[in-house]
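Tertiary structure, described
Take a look at the letters that make up each chain.
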Amino acid sequence: MIKAIRGMRDLLPPETRRWQFVEEVARKVFDLYGYREIRLPLVERTELFARSIGEDTDIVAKEMYTFGDRKGESLTLRPEATASVLRAVLEHGLEKGTAVKKYYTLGPMFRYERPQKGRYRQFYQINCEAYGVDAPELDTEVILLLLDILERVRLNEKRLLINSLGCPECQKKFKAALGLFLINRVGLCEDCQRRRTTNPLRVLDCKSTGCREILKDAPVIRDYLCPDCAAHFSRVLELLSRAGVAYEVQPRLVRGLDYYTRTAFEVVAAGLGAQDAVAGGGRYNGLARDLGGPELPAIGFAIGEDRLLEVLPQDLGQNQDTRIFLAALGVAARNRAFALLQELRRQGLAAEMDFAERSLKAQMSLADRLGATVAVILGDRELETGQAQVRRMATGEQVQVPLAELAARLAPPA
Ligand code: HAM
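Conventions and cut-offs
Residues numbered from 1 in each chain as written. Predicted model: local features only at pLDDT ≥ 70, side-chain atom pairs only at ≥ 80, totals over all residues. Heavy atoms only, no water. Patch = residues over 30% accessible without salt bridge, like charges linked within 9 Å, V, L, I, M, F, W, Y side chains within 5 Å. Areas by Shrake-Rupley, 256 points an atom, 1.4 Å probe, with all protein chains shown as cover. Salt bridge = Lys/Arg side-chain N within 4 Å of Asp/Glu carboxyl O. Helix = DSSP H or I, 4+ residues; strand = E, 2+ residues; numbered from the N terminus. Buried < 20%, exposed > 50% of the residue type's maximum accessible area, 1.4 Å probe, protein only. Disulfide = S-S within 2.5 Å. Near = heavy atom within 4 Å. Polar contact = N/O pair within 3.5 Å; in protein donor to acceptor, adjacent residues only side chain to side chain. Nonpolar A, V, L, I, M, F, W, Y, C, P; charged D, E, K, R; others polar. Core = buried A, V, L, I, M, F, W, Y, C linked by side-chain atoms within 4.5 Å. Contact = heavy atoms within 4.5 Å.

Quick look at a nonpolar patch on the surface now. A cluster of nonpolar side chains, Leu42, Val43 and Phe67, forms an exposed patch at the surface whose accessible area comes to about 210 Å². Examined against the element boundaries, Val43 turns out to sit in strand β2 (residues 43–45). On the basis of relative accessible area, Val43 is assigned to the partly exposed category, the value being 31%.

Written out as structure tokens, the structure is:
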């Protein structure tokens, strides 16, 4: 038998219902904040990701699914959506005008990472991006939007970690100081020995224990922020406090992608083990320029849906609606039931019946397995009297309902 690829899973019902619930909530919240959906290709030119995410990041250096197409062009399955959304925005001139431009997108991302709990090679993100304004109010609003989604899906135990990565000027000074600090340290991993000269910020994101130990005494970027970046960060924190949001400033939070400037944040959740970030994001004011576009302030985040679903309650999105099973006995009743089935569905009621001429007992057990809340029993006698037996599956309570009134009587109270 051919099996699914390592790190790539099938999402099956009833689990998919939980995913739908989360996505429905996200769409609803995005709408409340003025975001509109954008749908993008899963494949882009490799160069787009290499230039945006950074050649020296783990994602670009080790984790991309890159292949040549039949003409030899290097293409990559998207490892994230930010670069693609910005590519599309610039390509279609969506950045023009003075208002904040707000887009969201949902879908799979691909990274060749070592699979483990909460880490897959095909995983799903709920992605949010806003363009055009560098105001700290927007940073805070984006974070509030993220928390709004997480609260509505009942993610209770979570922490918001936040830092400022400054502008390119701050980063230049900080990288120099960090590089200097790292230059004579022994015990850095092989990657970090290289990164300390090529891109010392990446060392801050290294997970190896040796590097972490060394970094305990490293300088922190907050001490290198220019007055504008420092004021921006203070204002974001002030607005978060005013909104009643608890946050933890993490002076060494840098994120795994190179494009961030100023505000960067993550939300971590309890119960996930090592892969505990359920969402991450931040500002990336320089990326549009780097991709050959105009000056375009930008900020966004992505929720990792796989991880989020891992910690959300099992009963999430349980459908409370009426589900009807028509149990019919005999040819005439089955014919009547088949017509009734469509009638009920037209009225917006979920309805099913058995097509295998099973016994009443077998049909009732099928109704149970299908999750029916109500069974309607139809036989010759019911057809004669025009009254069906309606049984509440949960209680076994049974009443007679005139066939003509079935849909009206079974519809949930408005
Ligand atoms: P990221 O931190 O690389 O950021 O990914 C965001 C979230 O995606 C992570 O917090 C995690 O929940 C989930 N995730 C990442 N890799 C995996 C994996 N292998 N398996 C399961 N879940 C995973 C970004 O991707 C940025 N584009 C976010 C962003 C949007 N920044 C600005 N706008």
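Next, the rest of the story.
Here the focus is the state of the cysteines. What the rule picks out here adds up to zero disulfides. Considering cysteine sulfurs only, Cys167 is the nearest to Cys170, which forms no disulfide, with 3.4 Å between them. Since its relative accessible area comes to 1%, Cys170 is described here as buried. The thiol of Cys206 is not disulfide-bonded; the next cysteine sulfur, from Cys192, is found 3.7 Å away.

Taken together, the neighbourhood of the ligand is formed by 27 residues, with Glu80, Thr82, Glu113, Tyr260 and Ala277 sitting nearest. Separating an oxygen atom of the ligand from a side-chain N or O atom of Arg111 is a distance of 2.9 Å. In the environment of the ligand, a nitrogen atom lies 2.7 Å from a nitrogen or oxygen atom belonging to the side chain of Glu113. Relative to its unbound accessible area of 650 Å², the ligand is 96% covered by the protein chains. For the shell around the ligand, the secondary structure elements donating two or more residues are β6 (122–131), β10 (277–283) and β11 (298–304). Per-element accounting of the shell around the ligand gives the leading share, six residues, to β10. For the shell around the ligand, the residue count by class is 11 nonpolar, nine polar and seven charged.

In total, this model carries 35 salt bridges according to the counting rule given. We note a salt bridge from Asp56 to Arg194, for which the minimum N-O separation is 2.7 Å. Within this pair, whereas Asp56 is found in the loop between α2 (46–53) and α3 (58–62), its partner Arg194 is found in helix α7 (residues 190–198), the two being separated by 138 residues in sequence. Asp56 sits in the buried class, given a relative accessible area of 15%.

On to the nonpolar core, then. Membership of the largest hydrophobic core comes to 53 residues, with the highest contact counts inside it found for Val85, Leu86, Tyr131 and Leu182. The contacts of Val85, once residues within four sequence positions are left out, are Ile38, Leu40, Tyr103, Thr105, Glu129 and Tyr131. Core analysis: the next-biggest nonpolar cluster, separate from the first, contains 44 residues, Trp19, Ile143, Ala269 and Leu308 among them.

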